[in-house]
Amino acid sequence: KKEAATKSYVVLITDGQPNCNSSLGDCRACTNGGDPTKMCGDVRNCLDDVALVSAVKTLKAKEIETFVIGFGSAFVNPDAKKVLDDAAEAGGKAQVNAATKFYLAGDAASLKNILDYIKTAIQPCSFDLAQTPQEWNLLEVSVTDTKAGGDNVLARPSTKLGTDGDWHYNDDTLRSITIDTTWCKKLQEAEADTYVVNFTSLRKL
C-alpha cells in the first residue's frame, strides 16, 4: 500500500517589511521611517503586509505550507514582527511555545541551522504504518522514483529491532519505521513528488 509522498513547501526569508507595491491604496505604516499619512514620501515605501500574508494564505489553501524566517534585525520593529508572526500563522508552520511564530535568523550561521532543521522537519524519514505486519520480517518497504522510473526495494533489517538494513522498526510494536542513511538523505533532498514511499505487508507462507 502506498503510504507517503513528498509534499511541496515554501521557505519565505524576509526582514518583515515588504514594500515596493506602487498600486498600494492603504498606507498603514512605512518601511523607511516616514509618515504614512504622506504615503511615506513614496507609496513604494509603504508596508505591503496585507498582500504578503494573503499570498501565504493562498498557498496554504492549495496545501502548500510556508516556513517563515525573519532574517537580520528588522524584526525588532513592531510592524515587522507582526507581519512575520501573521505570515507564519497563515502558512501553517508557525513555531509553538516560542517567543516568535516565525523562525529568527540573525546571521548566516543561524540561517543555515534553521534551514537544516526545516529539511528534517518536512521529511523526517519516520513513518507510521497503516497496517502492522503479522511478523516483523513480513514488511517490504520500497521507494518509487516517479521521474526516473522504477521501484527500489529497501534492504530489510536482519533482526526484529536490527539497524543493519535500509530501514528499521522504531520499537517492538511494529507500528512505525524509520528509513536510514542514504535513502533518508535522498528523500530529504529530492524535489517535490520525486519519490513515493510504499509499504507492503507480505503474507506468511
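Presented here is an overview of the structure given in this document.

Quick notes on the rules
Residues numbered from 1 in each chain as written. Predicted model: local features only at pLDDT ≥ 70, side-chain atom pairs only at ≥ 80, totals over all residues. Heavy atoms only, no water. Phe/Tyr/Trp six-rings, centres within 6.5 Å; stacked < 30°, edge-to-face > 60°. Buried < 20%, exposed > 50% of the residue type's maximum accessible area, 1.4 Å probe, protein only. Helix = DSSP H or I, 4+ residues; strand = E, 2+ residues; numbered from the N terminus. Arc of directions from axis to C-beta. Contact = heavy atoms within 4.5 Å. Core = buried A, V, L, I, M, F, W, Y, C linked by side-chain atoms within 4.5 Å. Expected span 1.5 Å × (residues − 1). Patch = residues over 30% accessible without salt bridge, like charges linked within 9 Å, V, L, I, M, F, W, Y side chains within 5 Å. Areas by Shrake-Rupley, 256 points an atom, 1.4 Å probe, with all protein chains shown as cover. Salt bridge = Lys/Arg side-chain N within 4 Å of Asp/Glu carboxyl O. Disulfide = S-S within 2.5 Å.

A look at the packing of aromatic side chains
Overall, the coordinates contain six aromatic pairs when judged by the stated rule. Note on Trp 167 and Tyr 169: the rings are 5.1 Å apart at their centroids and 80° apart in plane angle, and the pair reads as edge-to-face. Accessibility classification places Trp 167 together with Tyr 169 in one group, the buried group. Members of the aromatic cluster, each reached through a chain of ring pairs, are Tyr 9, Phe 67, Tyr 103 and Tyr 117.

With respect to helix 4 (residues 181–189)
For helix 4, the set of buried residues is Trp 183, Cys 184, Leu 187 and Gln 188. For helix 4, the buried positions fall inside an angular range of 135° around the axis, keeping them on one side. What points out from helix 4, more than 90 degrees from its buried face, is the exposed set Thr 181, Thr 182 and Glu 189. Looking at the buried residues of helix 4, the elements they touch are helix 3 (108–122), strand 6 (139–145), strand 7 (151–153), strand 9 (176–179) and strand 10 (195–201).

Re the side chain of Glu 65
By the secondary structure assignment, Glu 65 is in strand 3 (residues 65–71). Accessibility expressed as a relative area gives 15% for Glu 65, which makes it buried. If we skip the residues at most four places from it in the chain, Glu 65 touches Lys 7, Ser 8, Tyr 9, Val 10, Lys 60, Gly 91, Gly 92 and Lys 93.

Here's the deal with the nonpolar core
Counting residues in each nonpolar core, the largest one holds 18 residues, and the members touching the most others are Leu 139, Val 141, Trp 167, Ile 177, Ile 179 and Phe 199. At the level of secondary structure, the elements contributing two or more residues to this core comprise strand 6, strand 8 (167–169), strand 9, helix 4 and strand 10. Setting aside anything within four residues of it in sequence, one finds Ile 177 in contact with Cys 125, Ser 126, Phe 127, Leu 129, Leu 139, Val 141, Trp 167, His 168, Tyr 169, Asn 170 and Phe 199. With 12 residues, the next largest nonpolar core counts Leu 47, Val 56, Ala 90 and Phe 102 among its residues.

Some remarks on helix 1 (residues 49–61)
With 13 residues, helix 1 should reach 18 Å at 1.5 Å per residue; the first-to-last C-alpha distance of 19 Å fits that figure. Among the structural elements, strand 2 (9–14), strand 3 and helix 2 (78–91) are those in contact with the buried residues of helix 1. Looking one or two residues past helix 1, Glu 63 carries a phi angle of roughly 65°, positive in sign.

So, a nonpolar patch on the surface
A grouping of Val 11, Ile 13, Phe 71 and Leu 115 is seen on the molecular surface, where their side chains present a nonpolar patch of about 300 Å² in accessible area. Residue placement: Leu 115 occurs in helix 3.

Topic: the state of the cysteines
Inspection of every chain in the model, using the stated rule, returns three disulfides. Here Cys 27 engages in a disulfide with Cys 46; their sulfurs sit 2.1 Å apart. Where Cys 27 bonds to Cys 46 through sulfur, the torsion about that S-S bond is close to -100°, and the disulfide is left-handed. You can see Cys 27 sitting in the loop between strand 2 and helix 1 and its partner Cys 46 sitting in the loop between strand 2 and helix 1, a full 19 residues away along the chain. Like Cys 46, Cys 27 is buried. The disulfide partner of Cys 30 is Cys 40, and the S-S distance across this bridge is 2.0 Å. Residues Cys 30 and Cys 40 are joined by a disulfide whose S-S torsion is about -90°; by sign, that bridge is left-handed. With a gap of 10 residues between them, Cys 30 in the loop between strand 2 and helix 1 and Cys 40 in the loop between strand 2 and helix 1 connect regions that are remote in the sequence. Overall, Cys 30 belongs to the buried group, its relative accessible area being 12%. Within the protein, bonded cysteines paired by disulfides and numbered along the sequence follow the pattern 1-4, 2-3, 5-6. Of all cysteine sulfurs in the structure, the one in Cys 46 sits closest to Cys 20, which takes part in no disulfide; the separation is 11 Å.

That's the geometry; what it means functionally is another story.
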